[in-house]
Amino acid sequence: MKYYDNLYQEGCQLGLLRVLSLFDRSVEYPELCVFFDKPGIANLTEGLPNISSLEWGTLLRQLKNSQLVMEYRVGRRILLDLHPMIREYYYEQLKRRFPESFITGNKYLSDYYISMAEECQNGQEKMHYYFRAVLHGCKAGKYIEMYQKIYLPFIKHYEIAHDARMYGGYGTNLDTISGFFRKKWDELYCDENESIKADLFAEASFALICLGEIRKARYPLEKAIDIEYRLKDYKKVATYYGNLSEIYLLSGEIKRAFGISICGIGMAELCNEIGRHNWAQMTKCANVLNQMGKKEAAQELFKEAELLQRKYDKSAPNLYGILAYKLYDVTLSYMEDILINKRLKLSGKMDVEINDFLLEEDIEGAIVHDQNSGNYLYLGADYISSVRLKLIRYMHFGTGSFEEIEGAMERAMQYINRGERKEFVIYALITYAKLYGIFNKKKEAEKYLKEAKDIATHYNFELICADIDIEAVILKIQCGEYKDARFIYNDLRKYKFIDLYGKRLKAIDMLSNILENKVSEAKKI
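Residues numbered from 1 in each chain as written. Predicted model: local features only at pLDDT ≥ 70, side-chain atom pairs only at ≥ 80, totals over all residues. Heavy atoms only, no water.

## Observations concerning the pairing of strand β3 (residues 77-81)
Two faces, one strand: in a regular strand the side chains alternate between the faces of the sheet.
And step 1. Pairing analysis gives 2 bridges linking strand β1 (residues 27-28) to β3, with the strands arranged antiparallel. Looking at β3, one finds that Glu-28 is bridged to Leu-79.
And step 2. Here strand β2 (residues 70-74) pairs with β3 via 5 bridges, running antiparallel. Within β3, the residue paired with Tyr-72 across the bridge is Leu-79.
And step 3. As consecutive antiparallel partners, β2 and β3 are separated by 2 residues, and within that stretch Gly-75 has a phi angle of approximately 65°, a positive value. (Pairing = 2+ DSSP bridges. Helix = DSSP H or I, 4+ residues; strand = E, 2+ residues; numbered from the N terminus.)

Have a look at this one:
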């Protein structure tokens with residue numbers, strides 16, 4: 001590259017290479033006009049604003065012939081791009097040798113993307129402009145301004161309306177947040193504002209969780225908890241403890257997840273008000289209790305969370321969000337246990353209570369609420385809750401049809417896939433498998449369980465892998481394939497935490513001798 005540096009001697013050619021290096025992707029000519037329409041920047045755009053069309057053509061031809069710049073068409077659009085190694089070389093050269101020009105160039109781009117976002121009517125396109133504005137603003141050193149004036153109001157929406165982060169996807173959101181970090185997920189540039197630091201650590205963790213990077217998500221969230229605890233913002237501490245509990249639960253560290261969920265409830269009780277932070281943490285703790293097989297304790301905590309939500313959280317419909325999502329999942333598992341006991345003709349009464357409100361409550365209010373706010377992730381979860389409720393009603397009362405429930409499931413998958421959160425995608429696939437299993441469609445159920453297992457294995461979601469294997473045992477029993485059920489059941493011992501599944505595992509453990517007998521009977525036949 002030094003050959004070309006000497007060849008072009010700080011001319012327009014080097015200037016254009018440095019300008020293109022500021023972009024992390026292909027560039028359209030209108031974006032380059034940001035620099036041409038403003039006074040020249042030393043060592044960056046000197047000479048470019050006054051260049052003629054003929055000179056521009058010659059300049060591009062020289063760089064293309066040298067294979068430094070690529071030009072190509074996409075429809076009517078003409079794009080310019082650099083090879084990644086060339087981009088990195090000139091980017092680092094500009095940043096290191098001419099820091100003031102580097103800052104000014106990124107400031108121009110940040111201002112340009114903000115103005116484009118303000119003029120844009122398309123929600124997704126608008127968010128992409130804001131994402132780029134924040135990233136270039138951070139490179140220009142405007143960290144506090146970018147967070148307070150752009151990220152918080154226009155991307156995060158103060159978390160009171162739909163989450164605009166979803167327009168760009170969590171990967172794009174994470175790339176944008178990385179601009180605030182000196183060292184990824186560990187050190188921030190804006191050290192002087194503790195509250196913003198905590199928010200950014202939590203934002204990074206949230207995006208990492210959604211992308212399935214749960215082990216990386218722990219550290220920034222723990223840092224956010226430490227900061228907010230010092231600031232005595234117990235509502236945020238409670239929320240972050242709840243998220244941390246889910247991280248450990250996904251990793252299969254059930255005991256630790258339970259302890260952290262208890263801390264979340266404790267922090268929520270330190271707040272001066274009762275609201276979503278209370279019932280949400282109770283719900284997460286109840287979910288851990290259910291995973292540990294403590295059904296009665298989980299049910300009681302779910303009931304208490306539901307009562308708190310009805311009484312104190314008037315901003316949301318009853319049985320909203322995570323409460324319905326987890327509660328219906330737990331109840332559906334109870335119903336499956338009953339079904340398996342009937343199938344194998346086990347004696348004894350199941351320790352399950354199906355509450356009237358659970359079967360009568362309609363999830364439509366939550367669906368309407370999230371449709372109005374445009375929150376794809378929550379909307380997908382609402383539809384999953386709706387499917388689970390329909391399956392519970394079908395299994396308990398015999399009401400509903402396969403076509404009706406499958407239609408709701410298809411709508412759920414549309415929104416879940418747009419929301420992009422990995423564990424939600426997996427649980428949606430598991431719910432699909434439950435649907436087909438209950439209606440005796442074995443091949444379809446196995447297909448969705450395999451797809452869910454592949455994703456869960458890829459992201460090291462140990463607990464979800466165990467859940468999927470348990471569902472596979474249940475499916476095999478439903479289909480009368482007792483030998484295969486026995487094989488999968490024996491393989492559950494590979495999970496170190498499996499003993500903590502408590503009564504859920506014991507319910508399956510009760511099947512051990514029966515499965516053995518069924519296998520023997522099958523051999524005789």
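## Some words on the environment of Gly-365
And step 1. Position of Gly-365 among the secondary structure elements: in helix α18 (residues 364-373).
And step 2. The exposure class assigned to Gly-365 is partly exposed, which follows from its relative accessible area of 36%.
And step 3. Taking the C-alpha atoms as reference points, Gly-365 and Asp-382, 17 residues apart in sequence, are found 9.4 Å from one another. (Buried < 20%, exposed > 50% of the residue type's maximum accessible area, 1.4 Å probe, protein only.)

## Structural notes on the pattern of salt bridges
And step 1. Applying the stated criterion to the full structure yields 25 salt bridges.
And step 2. With a closest N to O distance of 3.6 Å, Lys-183 and Asp-186 form a salt bridge.
And step 3. Owing to a relative accessible area of 18%, Asp-186 belongs among the buried residues under this scheme.
And step 4. The shortest N-O distance in the salt bridge between Glu-246 and Lys-284 comes to 3.9 Å. Of this pair, Glu-246 sits in helix α12 (residues 234-250) while Lys-284 sits in helix α14 (residues 276-291), and the two are 38 residues apart along the sequence.
And step 5. For Glu-246, a relative accessible area of 18% gives the class buried.
And step 6. Owing to a relative accessible area of 10%, Lys-284 belongs among the buried residues under this scheme. (Salt bridge = Lys/Arg side-chain N within 4 Å of Asp/Glu carboxyl O.)

## Comments concerning the nonpolar core
And step 1. In this structure, Leu-32, Phe-35, Trp-56, Phe-180, Met-409 and Ile-464 are the most contacted members of the largest nonpolar core, which totals 153 residues.
And step 2. At 12 residues, the largest contribution of residues to this core is made by helix α21 (residues 422-438).
And step 3. Excluding anything up to four places from it in sequence, Phe-35 contacts Val-19, Leu-22, Phe-23, Ile-41, Leu-44, Thr-45, Pro-49, Gly-105, Tyr-108 and Leu-109.
And step 4. The next biggest cluster of nonpolar side chains, apart from the first, holds 15 residues, and it includes Met-282, Leu-289, Ala-298 and Val-330. (Core = buried A, V, L, I, M, F, W, Y, C linked by side-chain atoms within 4.5 Å. Contact = heavy atoms within 4.5 Å.)

## Things to note about the layout of surface pockets
Rolled over the atoms, a probe as big as a water molecule pinpoints where empty space is left.
And step 1. Volume-wise, the second largest pocket comes out at about 530 Å³.
And step 2. As for the second largest pocket, its lining consists of 21 residues, of which Tyr-91, Leu-135, Lys-139, Ser-178 and Gly-179 are closest to the centre.
And step 3. Those elements that provide at least two residues to the lining of the second largest pocket are α5 (84-97), α7 (123-139), α9 (165-178) and β4 (181-183).
And step 4. The greatest single-element share of the lining of the second largest pocket, amounting to 5 residues, is contributed by α5.
And step 5. Of the residues contributing to the lining of the second largest pocket, the split by class is 9 nonpolar, 3 polar and 9 charged. (1 Å grid on protein atoms, 1.4 Å probe; cavity = no way out; pocket = protein on both sides within 12 Å on 5 of 7 lines; lining within 4 Å. Points joined across faces, edges and corners; volume = space filled by probe spheres on them. Nonpolar A, V, L, I, M, F, W, Y, C, P; charged D, E, K, R; others polar.)

## A word on a nonpolar patch on the surface
And step 1. A cluster of nonpolar side chains, namely Met-70, Tyr-72 and Val-74, defines an oily patch on the protein surface of about 250 Å² accessible area.
And step 2. Topologically, Tyr-72 is positioned in strand β2. (Patch = residues over 30% accessible without salt bridge, like charges linked within 9 Å, V, L, I, M, F, W, Y side chains within 5 Å. Areas by Shrake-Rupley, 256 points an atom, 1.4 Å probe, with all protein chains shown as cover.)

## Considering helix α2 (residues 12-21)
And step 1. Burial analysis of α2 places 9 of its 10 residues in the buried class, the great majority of the element.
And step 2. Considered for burial, the residues of α2 that qualify are Gln-13, Leu-14, Gly-15, Leu-16, Leu-17, Arg-18, Val-19, Leu-20 and Ser-21.

## Focus: unusual backbone geometry
Keep in mind that most residues, glycine aside, have a negative phi and that most peptide bonds are trans.
And step 1. Residue Trp-185 is not a glycine yet carries a positive backbone phi of 60°.
And step 2. Here Trp-185 is to be found in the loop between β4 and β5 (187-188).
And step 3. A residue is classified by how much of its surface remains accessible, and Trp-185, at 11% relative accessible area, is buried.
And step 4. Phi at Lys-232 takes a positive value of approximately 60°, unusual for a residue other than glycine.

## With respect to the sheet that holds β3
And step 1. With antiparallel pairing, the 3 strands of this open sheet are ordered in space as β1-β3-β2. The sheet terminates laterally at β1 and β2, the two strands that pair on one side only.

## Quick word on helix α13 (residues 254-269)
And step 1. Over its 16 residues, α13 runs 23 Å from end to end, which matches the ideal 22 Å to within 8%, given 1.5 Å per residue.
And step 2. Tucked into the core, α13 has its buried residues touching α11 (214-230), α12, α14, α15 (295-312) and α23 (462-478). (Expected span 1.5 Å × (residues − 1).)

## Notes on the confidence of the model for the protein
And step 1. On average, the protein scores 81 in pLDDT, and the residues at 70 or more come to 82%.
And step 2. When mean pLDDT is compared element by element in the protein, helix α22 (residues 442-458) scores highest at 94, while helix α17 (residues 356-360) scores lowest at 44.
And step 3. In this model residues 356-360 is a low-confidence stretch, pLDDT under 50, and it forms 15 contacts with partners more than four residues away in sequence or in other chains. (pLDDT = per-residue confidence, 0-100.)

## Section: the environment of Asp-37
And step 1. Tracing the backbone through its elements, the reader meets Asp-37 in the loop between α3 (29-36) and α4 (53-65).
And step 2. Judged by relative accessible area, which is 65%, Asp-37 ranks as exposed.
And step 3. A C-alpha to C-alpha distance of 6.4 Å links Asp-37 and Pro-49, two positions 12 residues apart in sequence.

## So, the packing of helix α6 (residues 99-119) against α7
In a pair of packed helices, the angle between the axes and the distance between the axes together describe the arrangement.
And step 1. Between α6 and α7, the least distance of the axes is 8 Å, while the angle of their chain directions is 160°. Viewed along their axes, α6 and α7 adopt a mutual orientation that is roughly antiparallel. In this structure, α6 meets α7 at a crossing whose hand is left-handed. Contacts between α6 and α7 involve Phe-102, Ile-103, Asn-106, Leu-109, Ser-110, Tyr-113, Ile-114, Met-116, Ala-117 and Glu-118 on the former and, on the latter, Lys-126, Tyr-129, Tyr-130, Arg-132, Ala-133, His-136, Gly-137 and Lys-139.
And step 2. Broken down by class, the residue content of the contact of α6 with α7 amounts to 10 nonpolar, 4 polar and 4 charged. (Axes fitted to C-alpha atoms, helices over the stretch in contact; angles between N-to-C directions. Parallel < 35°, antiparallel > 145°, perpendicular 65-115°, else oblique. Left-handed = near helix turned anticlockwise from the far one by under 90°.)

## Section: the packing of helix α10 (residues 194-210) against α12
And step 1. Between α10 and α12, whose axes approach to 12 Å, the crossing angle comes to 25°. Judged by the angle between their axes, α10 and α12 are roughly parallel. Considering only the axes of α10 and α12, their crossing is left-handed. Facing α10, whose interface residues are Ala-198, Asp-199, Ala-202, Ser-205 and Ile-209, α12 presents Lys-236, Tyr-240 and Ile-247.
And step 2. Considering only residue class, the contact of α10 with α12 consists of 5 nonpolar, 1 polar and 2 charged.

## Considerations on the environment of Ile-438
And step 1. Relative to the helices and strands, Ile-438 resides in helix α21.
And step 2. In the structure, Ile-438 is positioned 47 residues away from Leu-391 in sequence and 8.3 Å away in space, judged by C-alpha atoms.
And step 3. Residues within four places of Ile-438 in sequence aside, it is in contact with Leu-332, Leu-391, Tyr-394, Met-395 and Gln-478.

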